[in-house]
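Examining the three-dimensional arrangement
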4 protein chains.
Amino acid sequence: MKNISKNVLTQVIKPRNPESYKGNYGKVLIIAGSTLFGGAAILCSSAAIASGAGLVTVATTPEKFTALNVKIPEAMTLDYHHKKELLNAIHNNSVIAIGPGLGTSSIAKGLVKTVLENTTAKQTVIFDASALTVIAEEKFILDTPSNIIMTPHQGEWQRLSNLDIPNQTVANNLQKLQELNSKSVLVLKKHFSEIYYQDQILKIAAGNPGMATGGMGDTLTGIIAGFVGQFGYSVQTISAALLIHSTIADKINQKEYVVLPTKVIDKLPKYMSKYSSRSSK
Amino acid sequence: MKNISKNVLTQVIKPRNPESYKGNYGKVLIIAGSTLFGGAAILCSSAAIASGAGLVTVATTPEKFTALNVKIPEAMTLDYHHKKELLNAIHNNSVIAIGPGLGTSSIAKGLVKTVLENTTAKQTVIFDASALTVIAEEKFILDTPSNIIMTPHQGEWQRLSNLDIPNQTVANNLQKLQELNSKSVLVLKKHFSEIYYQDQILKIAAGNPGMATGGMGDTLTGIIAGFVGQFGYSVQTISAALLIHSTIADKINQKEYVVLPTKVIDKLPKYMSKYSSRSSK
Amino acid sequence: MKNISKNVLTQVIKPRNPESYKGNYGKVLIIAGSTLFGGAAILCSSAAIASGAGLVTVATTPEKFTALNVKIPEAMTLDYHHKKELLNAIHNNSVIAIGPGLGTSSIAKGLVKTVLENTTAKQTVIFDASALTVIAEEKFILDTPSNIIMTPHQGEWQRLSNLDIPNQTVANNLQKLQELNSKSVLVLKKHFSEIYYQDQILKIAAGNPGMATGGMGDTLTGIIAGFVGQFGYSVQTISAALLIHSTIADKINQKEYVVLPTKVIDKLPKYMSKYSSRSSK
Amino acid sequence: MKNISKNVLTQVIKPRNPESYKGNYGKVLIIAGSTLFGGAAILCSSAAIASGAGLVTVATTPEKFTALNVKIPEAMTLDYHHKKELLNAIHNNSVIAIGPGLGTSSIAKGLVKTVLENTTAKQTVIFDASALTVIAEEKFILDTPSNIIMTPHQGEWQRLSNLDIPNQTVANNLQKLQELNSKSVLVLKKHFSEIYYQDQILKIAAGNPGMATGGMGDTLTGIIAGFVGQFGYSVQTISAALLIHSTIADKINQKEYVVLPTKVIDKLPKYMSKYSSRSSK
């Protein structure tokens, strides 16, 4: 297992082409939120936008439109109960993140199924949080031809892999991932999170316990979505997303006991600028 | 084609007369927003207010009143489904901006038509975003006697002009503009945006690819509305609006990878003060 | 006519008694807001709280509760359609401000009438904005035994006094005020606003044209309410409220072209601290 | 009576174990808010999250979900009218705070009763504000086996103890507390607040009259909940919560006349970091 190199940030976060447009920086669809979990969709979409995604649409329950409009006026919204509009959005976006605050209702199950059945080889799908629980509970087969990223914490990975935490060894994790979908990337969120992809295994040597607070995972998912939208699907892109998330959080944690997700999001444009100018040299 | 001169900012942004009132700085009506696109109305009206518009009313769907009240308590609201109140507002405002987040529903079409049929030679109408798509789709004739400003990006201009992007040459653009409405101003948003008005063609030598993010156009429309409300309808005023928008964004982009529209809006009062004090000397 | 002395700030804004409670700093009821004018209630109540009012309740239409909770969680709310609860609130608060964003509907008229009929000699009532228009239109007699403050701009004063603006001379204003209610205070908002009370006439030598923006008057009303709640009803208290409002706005205007009401509100606690420590010496 | 020592902050606020998770920092359920009192739930839950609570759920009326999502996207929500879901939440959380903005309706009474009847010896329950009034009015017996913290101000303590303020002597308070529940902690909020627990009596030598503003008590309750969730139930933990609340407020009050609760909340992560790094030495 190798550590993610700090250089990955300058390698991934390229300066933008002066002549470029919103469409060049990814169309991201975030399927998230439910009546009782409204904040997750806000944090995830805010992170996607602050990390530079060109266009972000949040498919959620319409009760959440007002809060989204207030917190992230840059995002568009969609009512995920409308199957036809949702299918259009699935077809028209390059990156789809599903799960934050989605819950495990029958509606949530239908949404995960719809994504699995309607995404293509040109798209990337990120399964996070409730979506992973739904996949585990419903024993859904991950047979979409799209690129897949899964971002479980250890408890969600246990549900998905049937490996209890002591048995979540590198070898076991690799084997289970092969069984689930041999082409997908697993981001296992824990103290020193790990990335698994085929025979590559990477570990992040950053992060801090001030990040142990609600919403931190939703934020990471939004950054991964934004990064894949801009920089393409690769282990390197995903590594950079994890590293900038933890690097910013470590900086905040030097002065703040708990690292609030909203503060990480606020600092994304500045940190990305810093690494992008280094890469231009 | 000439570049817009930096001097236009000090020429346009005049120090205010000490004895003056809200009514001296323009009454701006923004017809914007729909169920799925709530943020655009917020960004556009926030930009109008931060750029100094005396009184701003947002005609939108009432589901969006709460988000508007939170984000921009300085603005008044109106339900655009109420024809009589809308007509009153159209008659009572000096500048009308229509389009951000409006969508292309039958309601949106009716609103564009109502504006075309009910504005007078003393008023300025800015057609933006969805309003331009509606005009193209419905083949509406731009026969209002009001001053007209159109602010398409290249895709919207293609729909309006039937010129595909490679054919959007200066000569072709000029000719199409003459056909659409010979007295109107075209602001063609692109890398180095262009302003067309009769025989004048100006180009802005500012802007950056960090601006390639959702909501940036809505913000520009709000600034144009605020500037016309205060400084009068002229190519010079519109040039100044474009230039301050890009100048602020360029400053932000020196330190931030993506330029969030809300940050541009926040900085408007400071930048306007800077240029206005220079003009007073 | 005398200018308001700068000393009034240090004279009025006394350091607080260490052993004191919310109840010592005034109970303020703000009757404000309506479907289309939601921001005024937010600005007015935010200003009251930031200026130190002990307890602030906003009586408004319940559609506005969410926006108020977000922007000013320190305030309580009330549905002004419920007569009994409203009467309780009128009886239990020491300062009542009515008018910002209230509109001139039959409900608004009923609210003004209820306040006129149910306030007592121990209370102060501030009539602002729509409430003044309602009084003028309905020819309501100002026969409440409470202390009265009226805060019209010149147009509202014209409606109330039947004096057109050129005829709004000191002598005429004084006479009309005597006719309306001989014990009340008139704050005439204009370039260099004026305060009239019996034989006293004061003028404020502060303020700037950057304040010519929507919501600035609602903010002043909130400050007056907060100041009367804490420092008692007097011409001196009202003068201090006007002066701190303009002093802060002048400071902001040195660097910002338009002075947004929300920025004035944010700075109240710091400026009050500054003047209060001077007064303690 | 002893003063709370400044050292309590460094003793209580321990640096976090690098290998730790949200679940290690407390699961906090806040039962708060009602139609007319929406802000209290926001302030209380924001304070709990900013003070480091691992997971915070707010049980409230669903009208308040939008405001909560906007102001504190890190929190989850629950509709407290749903008995089954509420009982689940009561069972699944380690700390339960009930009362801020709850009101004294029959629903509020039912909620207090539900908490009293369904909490266990492993849990801590904080009764604040309206919950204390309900207990007094309904003469509820505090016979839950859970740890109890009561946080009345003097008026609420009068209702609960039948001691009018002049009779709220140390001896009387101690005796009444024994009668109510001999194992519970009383936090009596006043100028120099006092903590009573069995034979211990502590006094806080911090705080200022700028704190005499609405919402300051709701904020304290959130901090106590967050601290007990992380650092365990003890008089020392509660003392640290009170002290950091007043210490931050005193710092703000050096420059601000009134201390807004939201500003205290914003500064929690920085102040906790400061004391935690001292404790690590």
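So, a few notes on the structure that sits alongside this text. Values in this document were obtained by computation on a predicted structure and should not be read as measured data.

Glancing now at the interface of chain A and chain B. On the chain B side, the residues contacting the 35 residues of chain A number 32 residues. Among the salt bridges present, the one from B:Glu256 reaches A:Lys270, with a minimum N-O distance of 3.5 Å. The tally of links from chain A across to chain B stands at ten residue pairs in polar contact (both at pLDDT 80 or more). Sorting the residues of the side of chain A that touches chain B by element identifies helix H2 (39-50), helix H3 (65-71), strand S4 (76-79), helix H9 (216-231) and helix H11 (261-279) of chain A as the ones contributing at least two each. Residue contributions to the side of chain A that touches chain B peak at six residues, all from H11(A). Its residues placed into classes, the side of chain A that touches chain B shows 16 nonpolar, ten polar and nine charged.

This brings us to the relation of the copies chain A and chain B. Superposing chain A onto chain B takes a rotation of 90° plus a shift of 0.0 Å along the axis, which leaves an RMSD of 0.0 Å. Given the turn and translation reported, the copies of this chain are related as if by a four-fold rotation axis. An overlap of only 6% is found between the interface residues of chain A and their copies at the interface of chain B, pointing to separate contact surfaces.

This next bit is on helix H4 (residues 83-92) of chain C. Quick reminder: α-helices carry 3.6 residues per turn. Residues three or four places apart thus point the same way. For H4(C), the complete set of buried residues consists of C:Leu86, C:Ala89 and C:Ile90. For H4(C), the angular spread of buried residues about the axis comes to 100°, placing them on one side.

Moving on: the pairing of strand S6 (residues 124-127) of chain B. Residues and elements named next belong to chain B. In S6, alternate side chains face the same way, and those of Thr124 and Ile126 on one face and Val125 and Phe127 on the other are all buried. Looking at chain direction, strand S5 (residues 95-98) and S6 are connected through four bridges and run parallel. Its bridge partner being in S6, Ile96 is matched across the sheet by Val125. The parallel pair S5 and S6 is bridged by helix H5 (residues 106-118), and the resulting crossover is right-handed.

At the interface, 35 residues of chain B touch 32 residues of chain C. Here chain B and chain C share an interface that buries about 2,600 Å² over both sides, 61% of which is from carbon and sulfur atoms. Inspection of the region where chain B meets chain C yields one salt bridge. Applying the counting criterion to the chain B and chain C interface returns ten residue pairs in polar contact (both at pLDDT 80 or more). Within the residue set of the side of chain B that touches chain C, elements represented by two or more residues are helix H2 (39-50), helix H3 (65-71), strand S4 (76-79), helix H9 (216-231) and helix H11 (261-279) of chain B. Of all the elements, H11(B) adds the most residues to the side of chain B that touches chain C, at six residues. Its residues assigned to classes, the side of chain B that touches chain C shows 16 nonpolar, ten polar and nine charged.

All names here are of chain D. Within the fold, Gln158 resides in helix H7 (residues 154-161). The exposure class of Gln158 is partly exposed, given its relative accessible area of 33%. With near-sequence residues (within four places) excluded, Gln158 lies in contact with Leu163, Asp164, Ile165 and Gln168.

Another point: empty space enclosed by the protein. Take a probe with the size of a water molecule and roll it over the atoms, and the empty space left behind shows itself. Under the definition given, this model contains one cavity of 30 Å³ or more. Of the pockets and cavities examined, the largest cavity occupies roughly 30 Å³. B:Ile49, B:Ala53, B:Gly54, B:Leu55, B:Val56, B:Glu74, C:Thr213 and C:Gly214 are the residues that line the largest cavity. Split by residue class, the lining of the largest cavity holds four nonpolar, three polar and one charged.

Inspection of the entire model under this criterion finds eight aromatic pairs over all chains. Geometrically, the ring pair formed by B:Phe231 and C:Tyr257 is tilted, given 6.4 Å between the ring centres and 55° between the ring planes. Within this pair, whereas B:Phe231 is found in helix H9, its partner C:Tyr257 is found in the loop between helix H10 (235-253) and helix H11 (261-279), the two belonging to separate chains. For B:Phe231, a relative accessible area of 21% gives the class partly exposed. Here a set of aromatic residues connected by ring pairs shows up, and it is made of A:Phe227, A:Phe231 and B:Tyr257. Over the aromatic face of A:Tyr25 sits the side chain of A:Arg16, whose NZ or CZ is 3.6 Å from the ring centroid.

Rules behind the numbers
- Residues numbered from 1 in each chain as written.
- Chains lettered and ligands numbered in written order.
- Predicted model: local features only at pLDDT ≥ 70, side-chain atom pairs only at ≥ 80, totals over all residues.
- Heavy atoms only, no water.
- Contact = heavy atoms within 4.5 Å.
- Salt bridge = Lys/Arg side-chain N within 4 Å of Asp/Glu carboxyl O.
- Polar contact = N/O pair within 3.5 Å; in protein donor to acceptor, adjacent residues only side chain to side chain.
- Helix = DSSP H or I, 4+ residues; strand = E, 2+ residues; numbered from the N terminus.
- Nonpolar A, V, L, I, M, F, W, Y, C, P; charged D, E, K, R; others polar.
- Least-squares fit on C-alpha atoms with pLDDT ≥ 70 in both.
- Buried < 20%, exposed > 50% of the residue type's maximum accessible area, 1.4 Å probe, protein only.
- Arc of directions from axis to C-beta.
- Pairing = 2+ DSSP bridges.
- Right-handed = clockwise from strand over helix to strand, strands pointing away.
- Buried area = accessible area lost by both parts, 1.4 Å probe.
- 1 Å grid on protein atoms, 1.4 Å probe; cavity = no way out; pocket = protein on both sides within 12 Å on 5 of 7 lines; lining within 4 Å.
- Points joined across faces, edges and corners; volume = space filled by probe spheres on them.
- Phe/Tyr/Trp six-rings, centres within 6.5 Å; stacked < 30°, edge-to-face > 60°.
- Lys NZ or Arg CZ within 6 Å of the ring centre and 35° of its normal.

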